[in-house]
Amino acid sequence: MENYPAPARALVAELSAAAASDPDRAVAIQGAPGCNSHIAAVEAFPDGLPLPCFGFEDAIDAVREGRAGRALIPIENSLHGRVADIHFLIPESGLAIIGEHFMPIRYCLLALDRETKVAEAMSHPQALGQCRHWLRTRGIKPVGYPDTAGAAAAVAEMGRPEIGAIAPRLAADLYGLQVIGTGLEDSEDNTTRFVVLARDGALPQGTGPFMTTFVFEVKNVPAALYKALGGFATNGVNMTKLESYQRGASFAATEFYTDIEGHPEDPAVARALEELKFHTKWLRVLGTYPQARARTVA
């Protein structure tokens with residue numbers, strides 16, 4: 001808790017105590033109270049108890065250790081792409097993806113008063129990236145910070161009116177700051193996708209529609225990826241995400257993080273996954289969960 005700025009610590013303590021009283025209802029989030037993950041957790045789980053954690057690893061550990069029943073983690077943003085390190089952390093976590101949540105993201109410039117021109121704006125790198133055009137046209141220097149609401153709490157603690165924070169409006173209310181500007185995001189359709197992580201990854205039942213997320217490593221042979229993915233095309237399985245990343249320093253072992261529409265027990269998906277296994281070194285399904293938003297456009 002000492003990692004948080006002083007204005008946030010009392011709120012963190014209050015929310016943490018509530019979560020500790022009923023861990024099954026606790027939803028671990030990364031960031032100080034008032035961050036986007038806090039708002040998303042309240043939206044996705046109206047009866048849940050948000051548990052603020054300083055880092056993504058801390059939120060994952062809270063679920064692994066039984067201090068929270070679930071974690072709600074941002075995985076990608078429509079403007080700024082994937083959230084750094086998440087594609088490493090989720091596969092290594094031992095947790096399963098059991099759901100997803102989409103939330104429009106709206107940012108404000110927060111500061112101590114309206115009279116002083118803001119020269120620097122602190123926020124999470126994702127938020128700074130989503131507002132980069134707004135900041136550049138106004139000559140405001142972006143300064144990275146571990147989370148948006150934490151940056152707002154830090155601005156309140158520093159007491160320097162020339163330094164502002166980019167954060168949700170809720171953070172202004174919680175930390176006693178003024179809203180200097182609104183609508184900072186570079187696109188009105190700015191949206192973040194969150195995934196829900198839990199210890200129990202039992203396959204969901206029902207009619208769906210479902211999403212399935214998995215990671216795999218291709219064999220180091222020519223056209224390996226083309227061959228590996230052929231089964232999804234021939235079986236009519238819609239792939240909505242395919243992202244690569246390197247593991248280690250050799251740059252020879254490429255891993256892929258993938259989302260598809262469908263359930264592993266669907267015959268077409270089962271055939272596609274079986275063909276994928278044949279052309280890869282390994283395959284690990286991270287979770288199957290109900291779609292929160294339709295992917296296929298008619």
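This is a predicted model, so every value here is computed, not measured. (Residues numbered from 1 in each chain as written. Predicted model: local features only at pLDDT ≥ 70, side-chain atom pairs only at ≥ 80, totals over all residues. Heavy atoms only, no water.)

Novice: Can you tell me about the packing of aromatic side chains, naming the residues and giving the values?
Specialist: Here the structure, examined in full by the defined rule, presents 5 aromatic pairs. An angle of 75° between the planes, with centres 4.8 Å apart, marks the rings of phenylalanine 88 and tyrosine 245 as edge-to-face. Separated by 157 residues along the polypeptide, phenylalanine 88 in helix 4 (residues 86–93) and tyrosine 245 in strand 13 (residues 239–246) bring together distant segments of the chain. Owing to a relative accessible area of 27%, phenylalanine 88 belongs among the partly exposed residues under this scheme. The exposure class assigned to tyrosine 245 is buried, which follows from its relative accessible area of 5%. Ring geometry for phenylalanine 214 versus phenylalanine 216: centroids 6.0 Å apart, planes at 35°, classification tilted. Neither phenylalanine 214 nor phenylalanine 216 differs from the other in exposure class; each is buried. An aromatic cluster is present here, built from Phe214, Phe216, Phe232 and Phe256 joined pairwise through their rings. The cationic tip of arginine 70 hangs over the ring face of phenylalanine 45; the distance from NZ or CZ to the ring centre is 4.2 Å. Above the plane of the ring of phenylalanine 102 lies arginine 293, whose end atom (NZ or CZ) is 4.5 Å from the centre. (Phe/Tyr/Trp six-rings, centres within 6.5 Å; stacked < 30°, edge-to-face > 60°. Helix = DSSP H or I, 4+ residues; strand = E, 2+ residues; numbered from the N terminus. Buried < 20%, exposed > 50% of the residue type's maximum accessible area, 1.4 Å probe, protein only. Lys NZ or Arg CZ within 6 Å of the ring centre and 35° of its normal.)

Novice: Before we move on, can you summarise the pattern of salt bridges with the specific residues and values?
Specialist: Pairing between side chains of opposite charge can happen when the charged atoms of each approach one another. One pass over the full model with this rule turns up 13 salt bridges. A salt bridge links aspartate 259 to arginine 193; its shortest N-O distance comes to 2.7 Å. Of this pair, aspartate 259 sits in strand 14 (residues 254–261) while arginine 193 sits in strand 11 (residues 191–198), placing them 66 residues apart in sequence. With respect to burial, aspartate 259 and arginine 193 carry one shared label: buried. In this structure, the salt-bridge partner of glutamate 217 is lysine 281, at a minimum N-O distance of 3.2 Å. Placement of glutamate 217 in strand 12 (residues 210–218) and of lysine 281 in strand 15 (residues 280–290) is noted, with a sequence separation of 64 residues between them. A relative accessible area of 9% means that glutamate 217 is categorised as buried. Shared partners join several salt bridges into a network, and the residues in it are Glu76, Arg82, Glu100, Arg193, Lys241, Glu243, Asp259 and Arg295. (Salt bridge = Lys/Arg side-chain N within 4 Å of Asp/Glu carboxyl O.)

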